[in-house]
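# Observations on the model geometry
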Amino acid sequence: MLQFTNKSFQFDFDRYDQEFTIVGYLRPEQVGDLGECLTLLRDSVELATGTFHINVRRLVQVNNVAFNGFATLLMMLSRERPDVEFTITTSSVLGWSKRKFNVLGKTAPNITVREYDGDFYPGQEFVEDSFFITVLRNQTTMTWRHERNILKRHGLKKGMAVADICCGIGDFAVLLQREFHPSHIVALDHSKPSLEYARNAAKELDISDIDYVYGDAAELLLDDNQFDFVVCRHSLQVFNRPELILSELFRICKPGGRVYVTNEKNSHCLGEPRSESIQWTYNEVAKLWKHFDMDIELGPKSRWLMTGSGFDDIRMESFMVTNLDGEPKEFADIVRTWKRLFAEDMAKKRGDDEVFIEKFKRGFDDHIFAAMHPRGYAGWPIWVASGRKPP
């Protein structure tokens, strides 16, 4: 890989993937200031066969001087190499990006422009459905009873700069703001319905000091070494490459600061009575998520992942959310939403037959029965891990 760094931007070419990448702020006073960048682009295209990828999804800004210089060269190269397909990858996080680069796609037949995060991760269509908002609220209510004290043990203090990455509907950020009074809090998510809900809820609660941001957790448009404490809850398990998310959390965390993650091991959900049916269903949930390249068993693996991502002083613990944490109905409502999401959406999309789906649903119903029974007990285990970014 050839890599070059300017004060405000970086560019490189990966010969193996035939990908030319530009990152940062491209604001030259004249085209000549981009000499090395444009030369590498030209030289890279000369080596290309098949498809040549141009990655601008982390190009935060580009002025007209830079775009015109880039566009002129790319149009010329597309004419010189009609045998090469040029694919420009933008990001929906930067609304101007696709609009600007689409001009090239409309002009040259062998240039295609696409949005990287149109399909962000394998399970996106399931967990970003707006109906999931209700269960997110219930989950946060029940886990907060445990996490408000766990967060203190993992180093969160008043006055810290905090980021809540994959913030969902933003309710956890509100609780963090009220309990810990951070100096600054950024809450970022890729789900537009969730962020819309978060902003409306914050407005109704007259909360104005949480910065809700639309963004890609795998390529955060946030500065290095910016936050004292970075939170990412129930999210690594959703991504097919959690190590990419962890590397970004590590990057934005200040040296000496901590990254705090929570994840599940769904096969350890339990209930009495009817434990056998419940156990069978949650074992099947784990298999179902694996089919869609997600890992709802990730919880206990967190320490392994964090160690491999460069963290030290890793702290780890687990807690059990139960039907005795508040109203049993809150727990039952969470399981009802799981039933819809897992058995009625994901299992059907996987192609499971009706016999399997009915048995699958029965385990969720039995978990609800255990939660609501006067003598019953139902549990949902969560693992917490935090790691320090070495000073």
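Structure report, in brief. Residue numbers here run from 1 along each chain, matching the order of that chain's written sequence. Local features are withheld for residues below a pLDDT of 70 in this predicted model, meaning they are given only at 70 or higher, and side-chain atom pairs are given and counted only at 80 or more; totals for whole chains, interfaces and linings count all residues. Water and hydrogen atoms play no part in the side-chain values, which are based on all heavy atoms of the structure.

Attention now moves to the packing of helix α1 (residues 35-46) against helix α2 (residues 64-80). To get an axis, fit a line to the C-alpha atoms, keeping to the stretch in contact for a helix; angles then go from 0 to 180 degrees between the N-to-C directions. The numbering of helices and of strands both runs from the N terminus, where a helix is a DSSP run of H or I of at least 4 residues and a strand a run of E of at least 2. Viewed as axis vectors pointing N to C, α1 and α2 meet at an angle of 15 degrees, and their least axial separation amounts to 11 Å. If you check the angle between α1 and α2, you find them roughly parallel. Of the two possible hands of crossing, α1 and α2 adopt the one that is right-handed. Across the interface between the two elements, Leu38, Leu41, Arg42 and Val45 of α1 pack against Gly69, Phe70, Leu73, Met76, Leu77 and Glu80 of α2. The nonpolar class holds Ala, Val, Leu, Ile, Met, Phe, Trp, Tyr, Cys and Pro. Asp, Glu, Lys and Arg form the charged class, and all remaining residues, Gly among them, are polar. When its residues are assigned to classes, the contact of α1 with α2 shows seven nonpolar, one polar and two charged. For classification purposes, an angle smaller than 35 degrees is called roughly parallel, one larger than 145 roughly antiparallel, one from 65 to 115 roughly perpendicular, and anything else oblique. Crossing chirality is assigned from the near helix's rotation relative to the far helix, an anticlockwise turn below a right angle marking it left-handed and a clockwise turn marking it right-handed. We call two residues contacting when some pair of their heavy atoms lies within 4.5 Å.

Once that is clear, we can look at the packing of aromatic side chains. Centre distance within 6.5 Å is the pairing criterion for rings of Phe, Tyr and Trp, where only the six-membered ring of Trp is used; planes under 30 degrees apart are then read as stacked, over 60 as edge-to-face, and the remainder as tilted. Scanning the entire structure with this criterion turns up 17 aromatic pairs. Taken together, the aromatic side chains of Trp280, Tyr282, Trp289, Trp338, Phe342, Phe356, Phe360, Phe364 and Trp380 make up a single cluster linked through ring pairs. A positively charged side chain is recorded as over a ring if its NZ (Lys) or CZ (Arg) lies within 6 Å of the ring centre. The angle to the ring normal must also be within 35 degrees. Just above the ring of phenylalanine 172 sits the side chain of arginine 233; from NZ or CZ to the centre is 3.8 Å. Positioned above the aromatic ring of phenylalanine 369 is the side chain of arginine 274, whose terminal nitrogen or guanidinium carbon lies 3.7 Å from the ring centre.

What follows is about unusual backbone geometry. The linkage connecting glutamate 272 with the following residue, proline 273, adopts the cis geometry, with an omega of 5 degrees. On the secondary structure map, proline 273 appears in the loop between β12 (270-272) and α9 (275-291). Phi angles above zero are rare outside glycine, and histidine 234 is one such case at about 50 degrees. Relative to the helices and strands, histidine 234 is located in the loop between β10 (227-233) and α8 (242-252). Think of it in three bands: residues with accessible area under 20% of the maximum for their type are buried, residues over 50% are exposed, and the middle band is partly exposed, with areas taken using a 1.4 Å probe on protein chains only. Since its relative accessible area comes to 15%, histidine 234 is described here as buried. The backbone of aspartate 313 sits at a positive phi, close to 45 degrees, despite the residue not being glycine.

Criterion for a salt bridge: a side-chain nitrogen of Lys or Arg within 4 Å of a carboxyl oxygen of Asp or Glu. Under the definition given, this model contains 23 salt bridges. For the salt bridge of aspartate 333 with lysine 329, the shortest nitrogen-to-oxygen distance reads 2.9 Å. Of the two residues, aspartate 333 and lysine 329 both sit in helix α11 (residues 328-350), four residues apart, roughly one turn of that helix. Each of Arg148, Lys152 and Glu179 takes part in one network of salt bridges that share partners.

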